[in-house]
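Now for the letters of each chain:
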Amino acid sequence: DLSMSFHTTNELGHFRFQGAYLGEIQLTPGSFVLYLDNVIILPDNSTNRDIREMRCNNLELRIADGRLLRCIEEGYKEYDADGNLMAQYEDTVVAPESYKNTFQHLCETESVIYSIEKKDALYTIAIDGEERTYTLEVSGTDNTESWDRYLNIGE
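This structure is a prediction, so every number in the text was calculated from the model and none was measured. (Residues numbered from 1 in each chain as written. Predicted model: local features only at pLDDT ≥ 70, side-chain atom pairs only at ≥ 80, totals over all residues. Heavy atoms only, no water.)

Student: Mind laying out the state of the cysteines, listing which residues take part and the relevant values?
Tutor: For the structure on display, the rule yields 0 disulfides. Of all cysteine sulfurs in the structure, the one in Cys-107 sits closest to Cys-71, which takes part in no disulfide; the separation is 11 Å. Taking relative accessible area as the criterion, Cys-107 reaches 16% and is therefore assigned buried. (Disulfide = S-S within 2.5 Å. Buried < 20%, exposed > 50% of the residue type's maximum accessible area, 1.4 Å probe, protein only.)

Student: Explain the nonpolar core to me, and be specific about the residues and the numbers.
Tutor: Core analysis: the largest hydrophobic core is formed by 34 residues, its most contacted members being Phe-17, Leu-36 and Leu-136. Broken down by element, the residue count for this core peaks at 4 residues, all from helix α1 (residues 99-108). With residues up to four places along the chain from it excluded, the contact list for Leu-136 reads Ile-25, Phe-32, Leu-68, Arg-70, Cys-71, Phe-103, Tyr-123, Thr-124, Ile-125 and Ile-127. (Core = buried A, V, L, I, M, F, W, Y, C linked by side-chain atoms within 4.5 Å. Helix = DSSP H or I, 4+ residues; strand = E, 2+ residues; numbered from the N terminus. Contact = heavy atoms within 4.5 Å.)

Student: Give me the lowdown on the sheet that holds strand β2 (residues 15-16), citing residues and values where you can.
Tutor: One open sheet accounts for 3 strands, arranged β2-β5-β6; its pairing is antiparallel. Strands with a single pairing partner mark the edges of an open sheet, and in this sheet they are β2 and β6 (54-56). Of the pairings in the sheet, the one linking strand β5 (residues 39-41) to β6 comprises 3 bridges and is antiparallel in character. Its bridge partner being in β6, Ile-41 is matched across the sheet by Met-54. (Pairing = 2+ DSSP bridges.)

Student: Tell me about the side chain of Ser-115, residues and numbers included.
Tutor: Looking at the element boundaries, Ser-115 is found in strand β12 (residues 112-119). Classification of Ser-115 as buried rests on a relative accessible area of 17%. With residues up to four places along the chain from it excluded, the contact list for Ser-115 reads Thr-124, Ile-125 and Ala-126.

Student: Kindly report on α1, identifying the contributing residues and their values.
Tutor: Note: α-helices contain 3.6 residues per turn, so residues at a spacing of three or four share the same orientation. For α1, every residue scored as buried is listed here: Tyr-99, Thr-102, Phe-103, Leu-106 and Cys-107. The buried residues of α1 occupy an angular sector of 130 degrees when the element is viewed end-on, so they sit on one face. Of the residues in α1, the exposed ones pointing more than 90 degrees away from the buried face are Lys-100, Asn-101 and Glu-108. Turning to α1, the residues buried within the fold contact β3 (21-28), β8 (67-73), β13 (122-128) and β14 (133-139). Positive phi shows up at Glu-110, right after α1, with a value of about 50 degrees. (Arc of directions from axis to C-beta.)

Student: Account for the packing of aromatic side chains, with residues named and values stated.
Tutor: This structure, assessed with the given rule, holds 7 aromatic pairs. Ring geometry for Phe-15 against Trp-147: centres 5.4 Å apart, planes inclined by 90 degrees, an arrangement best described as edge-to-face. Pair noted here: Phe-15 is in strand β2 and Trp-147 is in strand β15 (residues 143-147), with a separation of 132 residues, a long-range link. The pair formed by Phe-15 and Trp-147 is uniform in burial state, with each residue classed as buried. Taken together, a centroid distance of 5.7 Å and an interplanar angle of 15 degrees make the contact between Tyr-99 and Phe-103 stacked. Of this pair, Tyr-99 and Phe-103 both sit in helix α1, 4 residues apart, roughly one helical turn. (Phe/Tyr/Trp six-rings, centres within 6.5 Å; stacked < 30°, edge-to-face > 60°.)

Right under this line is the structure:
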């Protein structure tokens, strides 16, 4: 979003996304966009003049040519009060027709980013939801980050 004040390109490693809140996921042909709150901007970020960790809200993370390859609901185990395994659920691939409802639920329940990593042209986004953990696999080229203002960590 060019109306925002700060922009970086391919600087994923200059942010700490762990603990950021998921505001919105936009999936459109040719782009994949996350809106995140409470993102930490690291001292080595090209726009950070304070040379210390800062924070921002409403960061737009846009993956160019972004295409969601898979959305995986991670499996889990259920135990009884004595620690005995009662049931085990395997990873489930979310069907594309369920993306909208899944993403809406994740955003409405203040889900938190566990990690965002890029290896070659594959982005892996791990999200801690209210009850389940999800992994999004997105193919794409460049990533751009845009936000309006720097905040102090405690702000």
